[in-house]
Amino acid sequence: IMHIPSPGTPPIAARVNHKLFENDNTENIFNLPHKYVYAIATLDSVIIYDTNSTKPLVYIPSAHYSPTTGKSWTQCGNVLFISSEDGYCSFVEFDEGELG
């Protein structure tokens, strides 16, 4: 069991990026052959982590005016879509190699 800190409001959902990333010889706290990237949604933010560290890769505060309701990674694994109760959707795009 692992505690993943989320500043402010509690986490409400998590989504693992289905793309496998190469380990970059950092902490590798789970001793996995690949690095996984995952997004945690709170009521008012989105936090992106990987399995090599307990520190966030990306922190997106106040992504929407209303609480987030869902998120999904694209097939290429470089774009994260975020939806909220106000009916809006936004996306965060990462350059190739930026996540690992």
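Residues numbered from 1 in each chain as written. Predicted model: local features only at pLDDT ≥ 70, side-chain atom pairs only at ≥ 80, totals over all residues. Heavy atoms only, no water.

1. Quick word on the pattern of salt bridges
Heads up, the rule is: In the sections that follow, a salt bridge refers to a side-chain nitrogen of Lys or Arg positioned within 4 Å of a carboxyl oxygen of Asp or Glu. We count a stretch as a helix when DSSP gives it H or I for four or more residues in a row; a strand needs E for two or more, and each element gets its number in order from the N terminus. Exposure classes here rest on a 1.4 Å probe applied to the protein chains alone. A residue is buried below 20% of its type maximum, exposed above 50%, and partly exposed in between.
Evaluated as defined, the whole model comprises two salt bridges. In this structure, the salt-bridge partner of Glu96 is Lys19, at a minimum N-O distance of 3.2 Å. In this pair, Glu96 sits in the segment after strand 9 (89-93) while Lys19 sits in the loop between strand 1 (11-16) and strand 2 (21-22), placing the two residues 77 residues apart along the sequence. Classification of Lys19 by relative accessible area gives partly exposed; the value is 22%. A salt bridge links Asp50 to Lys35, with the nearest nitrogen and oxygen atoms 3.5 Å apart. In this pair, Asp50 is assigned in strand 5 (residues 45-50) and Lys35 in strand 3 (residues 34-35), connecting sequence segments 15 residues apart. Accessibility classification places Asp50 together with Lys35 in one group, the buried group.

2. Things to note about the nonpolar core
A general feature of soluble globular proteins is that nonpolar side chains tend to end up buried together. We apply this condition: Residues belong to a common nonpolar core when they are buried Ala, Val, Leu, Ile, Met, Phe, Trp, Tyr or Cys residues joined through side-chain atoms within 4.5 Å. Two residues qualify as a contact provided that any one of their heavy atoms is within 4.5 Å of a heavy atom in the partner residue.
Phe21, Val37, Ala39, Val46, Ile48, Ile60, Trp73, Leu80, Ile82, Val92, Phe94 and Leu99 together form the largest nonpolar core, which totals twelve residues. Only strand 4 (37-42), strand 5 and strand 8 (79-84) provide two or more residues apiece to this core. With sequence-adjacent residues up to four places away left out, Val37 is seen in contact with Arg15, Val16, Asn17, Phe21, Ile48, Tyr49, Asp50, Leu57, Trp73 and Leu99.

3. What to know about the sheet that holds strand 6 (residues 58-61)
Note the cut-off: The pairing criterion is simple: DSSP has to find at least two bridges between the two strands. Every axis in this analysis is a line fitted to C-alpha atoms, fitted for helices over the stretch in contact. Angles between the N-to-C directions lie between 0 and 180 degrees.
Taken in spatial order, the four strands of this open sheet run 1-4-5-6, and their pairing is antiparallel. Each of the sheet's edge strands pairs with one partner strand only, and the pair in question is strand 1 and strand 6. Here the strands of the sheet are splayed against their neighbours by 15° on average, with no regard to which way each runs.

4. A closer look at the pairing of strand 9
Bridge analysis of strand 8 against strand 9 gives five bridges, and the strand direction is antiparallel. Each residue of the ladder has a partner; that of Phe81, found in strand 9, is Phe91. A loop of four residues connects strand 8 with strand 9, the two strands running antiparallel in sequence, and Gly87 in this loop sits at a positive phi of about 90°.

5. Quick word on the packing of aromatic side chains
Remark: the centre distance and the inter-plane angle together describe each pair of aromatic rings, the angle taken between the planes. Stated precisely, the cut-off is as follows: Any Phe, Tyr or Trp ring, taking Trp's six-membered ring, that has another such ring centre within 6.5 Å forms a pair; planes under 30 degrees apart are called stacked, those over 60 apart edge-to-face, and the others tilted.
One pass over the full model with this rule turns up three aromatic pairs. Relative to Phe94, the ring of Trp73 has its centre 6.3 Å away and its plane inclined at 35°; by these criteria the two rings are tilted. In this pair, Trp73 sits in strand 7 (residues 68-73) while Phe94 sits in the segment after strand 9, placing the two residues 21 residues apart along the sequence. Between Phe81 and Phe91 the ring centres are 5.7 Å apart and the planes differ by 45°, which places this aromatic pair in the tilted class. Taken together, the positions of Phe81 in strand 8 and Phe91 in strand 9 put the pair ten residues apart, joining distant regions of the chain. In this structure Phe91 comes out as exposed when scored by relative accessible area, which is 51%.

6. Regarding the side chain of Ser53
For clarity, the cut-off: N or O atoms closer than or at 3.5 Å make up a polar contact, with two conditions inside protein: a donor-capable atom paired with an acceptor-capable one, and, for residues adjacent in sequence, both atoms drawn from side chains.
Tracing the chain through its elements places Ser53 in the loop between strand 5 and strand 6. Ser53 gets classed as buried once you look at its relative accessible area, which sits at 14%. Side-chain polar atoms of Ser53 contact the backbone nitrogen of Lys55, separated by 3.0 Å. Setting aside anything within four residues of it in sequence, one finds Ser53 in contact with Glu27 and Ile29.

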